[in-house]
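# Secondary and tertiary structure notes
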Amino acid sequence: MEKDRLLYLLENDKKGLNSPEEAAELEAWYRSADHRPAFTEGLSVEGLSALEDKMFARILTEAPERTEPVVPLGNTAGWFNWGKMAAAILLLVVAGIGIYVFQRQGGRIVERTGFGETRVLTLPDGSEVTLNGNSVLSYDAGWSEMREVRLEGEGYFKVVHTADHRKFRVRTGDDFSLDVLGTQFNISKRERGTRIVLDEGKVQCNLGSPAGDTLVLRPGEMVQFRKTPADYRRERVETGLYSAWKDHKLVFKNTSLREVSAMLQDTYGLETEASQPELLDRQISGSVPTDNVELLLEGIAEASSVTITRDGDQLMMTPK
Amino acid sequence: MLLARLQTGDGDAFAALYRKYWRRLFDAAYRRILLREECEEIIQEIFTDLWTKRETLLISVSLEAYLFGALRYSIYNMIRSRKVREAYFDYLLQMPGEDSNYIEDRLHYEELALALENSIQKLPEKLRKVYQLSRKEHLTYKEIAEQENIPVDTVEKQMGRALKILRENLKEFAWAWIVLEIWDLYP
């Protein structure tokens, strides 16, 4: 069967439009695959149980009421201290200014930015990271064979190549990291997901586990996933849109107000409400300066013809 | 029987159903998709769905027919949504036999198994022994205690330590970590 024919039959099947003959044709195609060999018969006992357990573990994490297998993996109690984080946020709300905390905890260096603050950091190897607002970057003080940093939030990395080709690794979770030689890229791990946009060079994403999948990105590509790295989506994008923030502006291109709101929440700690939900579907294009929040909001309001009123960290969008 | 138990929220019945059907479903999916990740996704969704909807589920046919019907539905959707990359259409439509995908994808699971096995081998001997008797030979703690001539609470402690070490070593194996936790539910 030809590809187009198959797709045609499948579309019809969905809409219930197949004639009895067409339905039989599709059925015959489906059945014809029964002759192919069974995948699992070629697996060793160990491989078989690895597959069986892997899927079952994922099913259990997806089916929440059954048990609580999830997860605090890693040293959450160590360097990343929610109490301190909350205190920083609180201070911001009260004082209304960006702050950052620099501290050493158990030999780990932790750099944080407040809402709306961007900051350029130089790492021990000379690599440069621009941290966007409300982000945390940390690494071991005695940084030896592997250059490894951990990121919550968003950062733009310019990684220098070392003479001995040491790997540079950015980890955003126990199930996701990426490895770099020398390169420039933007990475963000926020509530709604993780996103990597590559400007230059080459990075390798490590999905899940050491023996798990890897994915090599080329310049101009973006990879994103919500929760599970294996459910990633890869696409080609205009990379500039995703890293404009480091040059103190935001560039939108058919970006919905919903996405804009999510960004305002992540980076500036501003919560958006819309008087009519469909307002959030409105798309905007254009460039807005981020040097100060008021101007940023004005720019967004202008571009989308809405009125934005601000009360502390609450925003209300109404049609103009 | 299993179905009735499932509908009352019996987790063991759910595990038993999974164990009974996953392999045939996976093979049926793989024959038509030829991509292991997509197949994993489909099987996971079918069972997650089965669990989530267990109370409201009306199965007019047999459970088996229901599962294979759900499988077909997911496969059609997967192909329609073009998640199956263009290049695979050729295989999907023409290749009669086993292509190189089979080999590569099998290798993936063998490596996965190897990583877990390596961590088990690195356990201190006593812990490894207890661990293997429990997980591989499916002995109960009491049976292990008798066989090894040690008190039951020592077996429990050693298992606890073994799991803790494996969990540390396999930190990056989110799935393996979870499996270690739930293995008791799923002997």
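Worth saying up front: this structure is predicted, and the values here are computed from it rather than measured.

What follows covers the overall build of chain A. From N to C terminus, chain A includes seven helices and 19 strands. Long-range pairs, those at least 24 residues apart, make up 45% of the contacts in chain A with a sequence separation of at least 6. In the structure as shown, chain A presents an accessible area of about 15,600 Å², 50% of it carried by carbon and sulfur atoms.

Attention shifts here to the pattern of salt bridges. Taken as a whole and judged by the stated rule, the model has 23 salt bridges over all chains. A salt bridge links E148 of chain A to R171 of chain A, with the nearest nitrogen and oxygen atoms 3.2 Å apart. One end of the pair, E148 of chain A, is in strand 6 (residues 147–159); the other, R171 of chain A, is in strand 7 (residues 168–173), with 23 residues separating them in the sequence. Each of E27, R31 and D34 of chain A together with R32 and R72 of chain B takes part in a single network of salt bridges with overlapping partners.

One can describe the packing of helix 1 (residues 3–15) of chain A onto helix 4 (residues 63–80) of chain B by two numbers: an axis separation of 10 Å at closest approach and a directional angle of 125°. Classified by the angle between their axes, helix 1 of chain A and helix 4 of chain B sit oblique to one another. Remark: the crossing between helix 1 of chain A and helix 4 of chain B carries left-handed chirality. On helix 4 of chain B, the residues that touch L6, L7, L10, E11, D13 and K14 of chain A of helix 1 of chain A are Y76, I79 and R80 of chain B. Its residues placed into classes, the contact of helix 1 of chain A with helix 4 of chain B shows five nonpolar, no polar and four charged.

Turning next to the packing of aromatic side chains. Aromatic ring pairs are defined here through the distance separating the ring centres and the angle between the ring planes. Following the criterion strictly, the structure yields 16 aromatic pairs over all chains and no others. Both rings, one in F26 of chain B and one in Y30 of chain B, keep their centres 6.3 Å apart while their planes meet at 15°; by these two values the pair is stacked. With F26 of chain B and Y30 of chain B both in helix 2 (residues 11–33) and four residues apart, the pair spans about one turn of that helix. This pair shows no difference in class: F26 of chain B is buried, exactly as Y30 of chain B is. Summarising the aromatic geometry, the rings of Y30 of chain B and Y102 of chain B are spaced 4.9 Å apart at their centres and angled 75° between planes, so their arrangement reads as edge-to-face. Remark: Y102 of chain B occurs in helix 6 (residues 100–121) and Y30 of chain B occurs in helix 2; sequence separation between them is 72 residues. Comparing Y30 of chain B with Y102 of chain B shows no difference in burial state: the two are buried. Among the aromatic residues, those joined into a ring-pair cluster are F39 and F56 of chain A together with F14, Y18, W22, F26, Y30, F47, W51, Y102 and Y109 of chain B. One residue, R54 of chain B, lies across the ring of W51 of chain B, its end atom 4.0 Å from the ring centre.

Let us look at unusual backbone geometry. Even without being a glycine, N134 of chain A presents a positive backbone phi close to 55°. Among the structural elements, N134 of chain A can be located in the loop between strand 4 (128–131) and strand 5 (136–140). Notably, N149 of chain B is not glycine yet its phi reads approximately 60°, a positive angle. For N149 of chain B, the position within the fold is in the loop between helix 8 (141–148) and helix 9 (152–169).

Turning our eyes to something else, we now look at the confidence of the model for chain B. For chain B, the mean per-residue pLDDT works out to 79, and 79% of the residues sit at or above 70. The model gives residues 181–187 of chain B a pLDDT under 50, and that stretch makes 21 contacts with residues more than four places away or in other chains.

Residues and elements named next belong to chain A. With respect to the helices and strands, T239 occurs in helix 5 (residues 239–243). A distance of 2.8 Å separates polar atoms of two side chains, one belonging to T239 and the other to D199. When near neighbours in sequence (up to four residues on either side) are disregarded, T239 contacts V197, L198, D199 and G220.

Before going further, it helps to examine the nonpolar core. Within soluble globular proteins, side chains that are nonpolar tend to cluster in buried spots. Residues F14, F26, F47, L50 and L71 of chain B are the most contacted members of the largest nonpolar core, which totals 52 residues. Broken down by secondary-structure element, the contributors of at least two residues to this core are helix 1, helix 2 (20–32) and helix 3 (45–62) of chain A together with helix 2, helix 3 (36–52), helix 4 and helix 6 of chain B. Ranked by residue count, the leading element in this core is helix 2 of chain B, at twelve residues. Apart from the residues within four sequence positions on either side, F47 of chain B is in contact with I59 of chain A together with F14, L17, Y18, Y21, W22 and L25 of chain B.

All names here are of chain A. Most of strand 6 sits out of view: ten of its 13 residues are buried. In this sheet, strand 6 lies alongside strand 4 in antiparallel orientation, the contact comprising four bridges. Each bridged residue has a counterpart across the sheet, and for T130 the counterpart in strand 6 is Y156. Pairing between strand 5 and strand 6: four bridges, direction antiparallel. Across the sheet, L137 pairs through a bridge with L151, a residue of strand 6. Relative to strand 7, strand 6 is paired through four bridges, and the arrangement is parallel. Bridged to V149 within strand 7 is V170.

Criteria and thresholds
Residues numbered from 1 in each chain as written. Chains lettered and ligands numbered in written order. Predicted model: local features only at pLDDT ≥ 70, side-chain atom pairs only at ≥ 80, totals over all residues. Heavy atoms only, no water. Helix = DSSP H or I, 4+ residues; strand = E, 2+ residues; numbered from the N terminus. Contact = heavy atoms within 4.5 Å. Areas by Shrake-Rupley, 256 points an atom, 1.4 Å probe, with all protein chains shown as cover. Salt bridge = Lys/Arg side-chain N within 4 Å of Asp/Glu carboxyl O. Axes fitted to C-alpha atoms, helices over the stretch in contact; angles between N-to-C directions. Parallel < 35°, antiparallel > 145°, perpendicular 65-115°, else oblique. Left-handed = near helix turned anticlockwise from the far one by under 90°. Nonpolar A, V, L, I, M, F, W, Y, C, P; charged D, E, K, R; others polar. Phe/Tyr/Trp six-rings, centres within 6.5 Å; stacked < 30°, edge-to-face > 60°. Buried < 20%, exposed > 50% of the residue type's maximum accessible area, 1.4 Å probe, protein only. Lys NZ or Arg CZ within 6 Å of the ring centre and 35° of its normal. pLDDT = per-residue confidence, 0-100. Polar contact = N/O pair within 3.5 Å; in protein donor to acceptor, adjacent residues only side chain to side chain. Core = buried A, V, L, I, M, F, W, Y, C linked by side-chain atoms within 4.5 Å. Pairing = 2+ DSSP bridges.

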